[in-house]
Amino acid sequence: MTNTRTLGPLDRLLDSAQNALSTVLGGVRAERPNPGRAEADVVLDDAERRHAAGLMRINHVGEVCAQALYIGQAAVARDPATRDQLLAAAQEETDHLAWCGDRLRELDSRPSLLNPLWYAGSYAIGALAGLRGDGWNLGFVVETERQVEAHIGEHLQSLPEADQRSRAILRVMQADEARHAEHAQAAGAKVLPAPIPSLMAAASKLMKTVAYRV
């Protein structure tokens, strides 16, 4: 007979703390193979390498933020089904985080120095969104994923032509983000009222500008 333990508030707090440390300190592991490994590792010139690294650092920060958002939302979700959906999406975001970290190392670069700040802010936003109720919680997921899907599309256009490894990673990430949004929509997401989507877009623009360099 298997005993299933129900997680209490302290358990969730400890899980959140462990996730934060793993995410910020680079201790995450992907469950799926890195899609970039199927592509040849072409040598880029210095300008191309720096540009590709800047874009992949943005995407790495995006995954740090996504991880924090989902964990923050799951911590306060009222419906177990919603919580499970958020945690499942967070696991796929962990894959993305690991892949982006791998690619940054291949490009002789590093993650953002501000990752602890990005994580803390995103966790707080996720928890606040979750406290509004599961419909708004899922609506926040939809808007977040739509914006991430769009900026990945921009990066696919901007990457150096020869950097097929980064491009392969981003294509899988983009497909995953679109699926997360569709699942949240189907689960009863509410449309976020103005000006929340615009504020989210402005915050994302600031993050991308800073993370490209720092």
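Below: a short report on this structure. (Residues numbered from 1 in each chain as written. Predicted model: local features only at pLDDT ≥ 70, side-chain atom pairs only at ≥ 80, totals over all residues. Heavy atoms only, no water.)

With respect to the nonpolar core
Within soluble globular proteins, side chains that are nonpolar tend to cluster in buried spots. Ranked by internal contacts, the top residues of the largest apolar core, which has 25 residues, are Val61, Tyr70, Leu86, Trp118, Tyr119 and Met207. Secondary structure elements with two or more residues in this core: helix H2 (46-76), helix H3 (80-106), helix H4 (115-131), helix H5 (134-158) and helix H7 (196-211). With sequence-adjacent residues up to four places away left out, Val61 is seen in contact with Ser112, Asn115, Trp118, Met207 and Ala211. Counting residues in hydrophobic clusters, the runner-up holds 16 residues, among them Ala53, Leu107, Leu170 and Met173. (Core = buried A, V, L, I, M, F, W, Y, C linked by side-chain atoms within 4.5 Å. Buried < 20%, exposed > 50% of the residue type's maximum accessible area, 1.4 Å probe, protein only. Helix = DSSP H or I, 4+ residues; strand = E, 2+ residues; numbered from the N terminus. Contact = heavy atoms within 4.5 Å.)

Digging into helix H6 (residues 164-186)
Helix length check: H6 (23 residues) gives 33 Å between terminal C-alpha atoms against 33 Å at 1.5 Å per residue, within 8%. Among the residues trailing H6, Gly188 stands out with phi positive, at a value near 110 degrees. (Expected span 1.5 Å × (residues − 1).)

Some remarks on the packing of aromatic side chains
Per the counting criterion, the structure on display carries 1 aromatic pair. An angle of 15 degrees between the planes, with centres 6.5 Å apart, marks the rings of Tyr119 and Tyr123 as stacked. In this pair, Tyr119 and Tyr123 are both assigned in helix H4, 4 residues apart and thus about one turn of the helix distant. Seen from the ring of Trp136, Arg132 lies directly overhead, with NZ or CZ sitting 5.3 Å from the centre. (Phe/Tyr/Trp six-rings, centres within 6.5 Å; stacked < 30°, edge-to-face > 60°. Lys NZ or Arg CZ within 6 Å of the ring centre and 35° of its normal.)

A short note on the pattern of salt bridges
Scanning the model with the defined rule gives 13 salt bridges in all. With a closest N to O distance of 2.7 Å, Arg32 and Asp95 form a salt bridge. Pair noted here: Arg32 is in the loop between helix H1 (9-25) and H2 and Asp95 is in helix H3, with a separation of 63 residues, a long-range link. Assessed through its relative accessible area of 28%, Arg32 is described here as partly exposed. Judged by its relative accessible area of 2%, Asp95 falls in the buried class. Each member of the salt-bridge network shares a partner with another, and the members are Arg37, Asp41, Asp102, Arg103, Arg105, Glu106, Asp163 and Arg165. (Salt bridge = Lys/Arg side-chain N within 4 Å of Asp/Glu carboxyl O.)

What about the packing of H2 against H5?
Remark: H2 packs on H5, axes separated minimally by 11 Å, with the N-to-C direction vectors making an angle of 170 degrees. As summarised for this structure, H2 and H5 are arranged roughly antiparallel, according to the angle between their axes. Between H2 and H5, the residues in contact are His51, Leu55, Ile58, Asn59, Leu69, Tyr70 and Gln73 and Asn137, Phe140, Val141, Thr144, Glu145, His151, Ile152, His155 and Ser158, respectively. Grouping the constituent residues of the contact of H2 with H5 by class yields 7 nonpolar, 8 polar and 1 charged. (Axes fitted to C-alpha atoms, helices over the stretch in contact; angles between N-to-C directions. Parallel < 35°, antiparallel > 145°, perpendicular 65-115°, else oblique. Nonpolar A, V, L, I, M, F, W, Y, C, P; charged D, E, K, R; others polar.)

Some thoughts on the environment of Pro33
With respect to the helices and strands, Pro33 occurs in the loop between H1 and H2. Residues Pro33 and Trp99 lie 66 residues apart in sequence; the distance between their C-alpha atoms is 8.7 Å.

Concerning H2
Here H2 contains 31 residues, and its C-alpha end-to-end distance of 45 Å stays within 8% of the 45 Å for a straight helix at 1.5 Å per residue. Its side-chain oxygen 3.2 Å from the backbone nitrogen of Ala47, Asp45 forms the N-cap of H2. (Polar contact = N/O pair within 3.5 Å; in protein donor to acceptor, adjacent residues only side chain to side chain.)

Bear in mind that shape data such as this cannot, by itself, settle questions of function.
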